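# Close look at the chain arrangement
Here is how the chains run, residue by residue.
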Amino acid sequence: MFRFLEAAINSKINVGAAFCRPHIFLKMKKIENENEELEVDELVYTNEDENEDENDSILEVGDLVLGYDGKAITGEISFGINEGDYLCIIGDNGTGKSTLLKTILALHKPISGWMDLVPSRKEIGYLPQQNAVQKDFPSSVFEVAITGTLSKNKWWMPFYSKEQKEDTKKALEATNSLDLTDKCYRELSGGQQQRVLLSRALLASKNMIFLDEPTASLDIDASCDFYETLKKINLEKNTTIVMVTHDIENALKHSTHILDLKKDGFFFGTTKEYQNN
Amino acid sequence: MLSIFDILRFDFAWMALIVAVLTALSAALIGVPLVLKRYSFSGFALSNVSFMAMTFAVIIGVNNNLLITMPLTVAAAILLIRFGERKKIGGDAVLAMLSIAALAIGYFLINVFTVRGNVTAAEFNILATLFGGNAIMELTWAQVGISVGMAAGVVITFLFFYNRTFAVTFDSNFMQATGQKANVYELIIAAIVGIVVALSMQFVGSLLTSALIIFPALSAMRVAKSYKKVNIVSAIVAVSAALFGVLFSMLITSPPGVTVIVVNVVVFGVMYLVGIIYRKKLKT
């Protein structure tokens, strides 16, 4: 099923038609009030009756149109990845890379289309772009990283368990930042901060993390270091990675799949196919 | 001149101390996420809304003003903080407009109703409502009970959601993306801010409530480097400033609320210097 989808996209057949199964195909109504609560859950369909286990599909997106205030900023985007894949989303500014990521993460409402994210939201990790608040936030590295485990707490469990604290130390170790544990987060270098946020994302996720331009403000050494850590996590734990990036060189070097968003369409395929193109 | 021990023989002094300390403590705790989220000015706008609500209460002739001011302030807090970010009504122009409009409408209404012979409006002490006055020295045990209950509620809620308010303040997108109810936690923060503003108005007056909320947090941020320490230092600063300020005001017969805030300003100045020296020492 998945290969068929991939082939369909590459040969630029209308994927919507190829995918037209009524029980998972859903055209969203035009959004009338964008201030309503995000209810993307109703978009998520796990189609258990389909026999797709053979290729471990973890995320599929079909005919997704992104936009703000009811105005589309992209055409229809369709792609799908399997467990353990390393997808880089590239493209010029304004082509909707970050918006795509936020839409998949239910932080933003799409104009139309459907998607199928197999793990629950409590099983994914996210490394967002840094916001202004964080740059001057008095908190220790440990306090920041351990918030990644919060999604495992039920509402009546307000405090962290010993196990969560130990998991946090392990996650900091996995990103080579155990020595930063008691440091003040705002006094770290950009590269160190990103490694801490990566630990937090790892703590929140079972086997899938989303990253939004994690190396945008890093120098070359720090960003190479970051990509190596990420590759290690991808290979050792078979963690699926979906990353928005500007850094095409590193994207091609490490990823297994590329989604290239353009003003007038998109390319999706394996990294090899992209390089041959 | 009276000594402190002479004053402490009276019930009113103890009542004032209890209410002052608890109000300052709850204000200081909620002040930390508020300042970090860059909502300090929203707190100020809210206290003006609280003033307007107070004038409503006075004109209607409600005995316990909190019954009117608290729901209205909480509603305004939720509108400003919870929905402000999304609808962009939290911009500084809107906040300034809201503050001034609330002040003007409140003052206007009081004057109109005084002229029309509204008894409670004629007795209304504007200066005391704006700057606190001596209301805290004239409390009844029932009023103390209400304040203690509210403050206890704020502190317990704050402790229960401590880790979550931290996570939401640091990065609400992350919380939401990982399937947690970031909206609910922001709503809780907003509601607590509303309660605290209404509560502290009777102590320091509407114009100065936001000082009670933001100063201890800002002082603590000068010296503390983890979120936990910021909260602890902020609470200590607030409680000791309230204790010292109220006792001092009794000795020199100044309005207690204003005195506490002046103490807070001085503490901030000291912490600021300590912070600078501490950082210089680290570098050498």
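Just so we're clear, the structure is a prediction, and the values are computed from it rather than from any experiment.

### Regarding the packing of helix 3 (residues 40-60) of chain B against helix 12 (residues 182-204) of chain B
Residue and element names in this part refer to chain B. At a minimum axis distance of 10 Å, the contact between helix 3 and helix 12 shows a crossing angle of 60 degrees. The pairing of helix 3 with helix 12 is recorded here as oblique in orientation. Read as a crossing pair, helix 3 and helix 12 show a hand that is right-handed. Judged by residue contacts, Gly43, Leu46, Ser47, Ser50, Phe51 and Met54 of helix 3 engage Val193, Val197, Ala198 and Met201 from helix 12. For the contact of helix 3 with helix 12, the per-class residue count stands at seven nonpolar, three polar and no charged.

### With respect to the interface of chain B and chain A
Taken together, the 31 residues of chain B in the interface contact 43 residues of chain A. Taking both sides of the interface into account, the surface hidden between chain B and chain A amounts to around 3100 Å²; carbon and sulfur atoms contribute 59%. The tally of links from chain B across to chain A stands at two salt bridges. Sorting the residues of the side of chain B that touches chain A by element identifies helix 5 (84-87), helix 9 (141-160), helix 10 (162-170), helix 11 (172-177) and helix 14 (227-252) of chain B as the ones contributing at least two each. Of the residues forming the side of chain B that touches chain A, the biggest block, seven residues, is contributed by helix 10 of chain B. Of the residues contributing to the side of chain B that touches chain A, the split by class is 14 nonpolar, nine polar and eight charged.

### Examining the packing of aromatic side chains
Applying the stated rule across the entire model yields 17 aromatic pairs over all chains. Judged by centre distance (5.2 Å) and plane angle (90 degrees), the rings of Phe137 of chain A and Phe170 of chain B are edge-to-face. Within this pair, whereas Phe137 of chain A is found in the loop between helix 4 (132-135) and helix 5 (141-146), its partner Phe170 of chain B is found in helix 10, the two belonging to separate chains. For the pair Phe137 of chain A and Phe170 of chain B, a shared accessibility class is recorded, and that class is buried. On the basis of an interplanar angle of 35 degrees and a centroid distance of 5.7 Å, the ring pair of Phe10 of chain B and Phe12 of chain B is categorised as tilted. Phe12 of chain B sits in the partly exposed class, given a relative accessible area of 31%. Through a chain of ring-to-ring contacts, three or more aromatic side chains come together here, namely Phe137 and Tyr185 of chain A together with Phe158, Tyr162, Phe166, Phe170 and Tyr227 of chain B. Positioned above the aromatic ring of Phe174 of chain B is the side chain of Arg200 of chain A, whose terminal nitrogen or guanidinium carbon lies 3.8 Å from the ring centre.

### A short note on the confidence of the model for chain B
All names here are of chain B. With 96% of its residues at a pLDDT of 70 or more, chain B has an overall mean of 89. When the elements of chain B are averaged for pLDDT, helix 5 gives the smallest value, 60, and helix 14 the largest, 94. Prediction confidence for the complex, expressed as pTM and ipTM, is 0.83 and 0.85 respectively.

Criteria and cut-off values
- Numbering of residues starts from 1 in every chain and runs along the sequence as written.
- Numbering of ligands from 1 and lettering of chains from A proceed in the order in which they are written.
- Per-residue local features of the predicted model are confined to residues with pLDDT of at least 70, and side-chain atom pairs are confined, for both listing and counting, to 80 or more; whole-chain, interface and lining totals are unaffected and use all residues.
- With hydrogens and water excluded, all non-hydrogen atoms of the structure serve as input to the side-chain values.
- Angular values range over 0 to 180 degrees, each being the angle between N-to-C directions of two axes fitted as lines to C-alpha atoms, with helices fitted over their stretch in contact.
- Each helix is a run of H or I in the DSSP string that is no shorter than four residues. Each strand is a run of E no shorter than two, and both are numbered from the N terminus.
- Angles are sorted into four bins: roughly parallel if under 35 degrees, roughly antiparallel if over 145, roughly perpendicular if 65 to 115, and oblique for all others.
- The hand of a helix crossing depends on one turn: near helix anticlockwise from the far one by less than a right angle means left-handed, and clockwise means right-handed.
- Note on contacts: a residue pair is in contact if any heavy atoms of the two residues lie within 4.5 Å.
- Ten residues, namely Ala, Val, Leu, Ile, Met, Phe, Trp, Tyr, Cys and Pro, are considered nonpolar, four, namely Asp, Glu, Lys and Arg, are considered charged, and the remaining ones, Gly among them, are considered polar.
- By convention, the term buried area covers the 1.4 Å-probe accessible surface removed from two parts as they join, with the contributions of both added.
- The working definition used for a salt bridge is a side-chain nitrogen of Lys or Arg within 4 Å of a carboxyl oxygen of Asp or Glu.
- Think of it this way: a Phe, Tyr or Trp ring, Trp meaning its six-membered ring, pairs with another when their centres are within 6.5 Å, and the plane angle makes it stacked under 30 degrees, edge-to-face over 60, tilted otherwise.
- Using a 1.4 Å probe on the protein chains alone, a residue whose accessible area is under 20% of its type maximum counts as buried, one over 50% counts as exposed, and one in between counts as partly exposed.
- Lysine and arginine charges are scored as sitting over a ring when NZ or CZ, respectively, is within 6 Å of the ring centre and within 35 degrees of the ring normal.
- Note: pLDDT gives the predictor's confidence per residue, expressed from 0 to 100.

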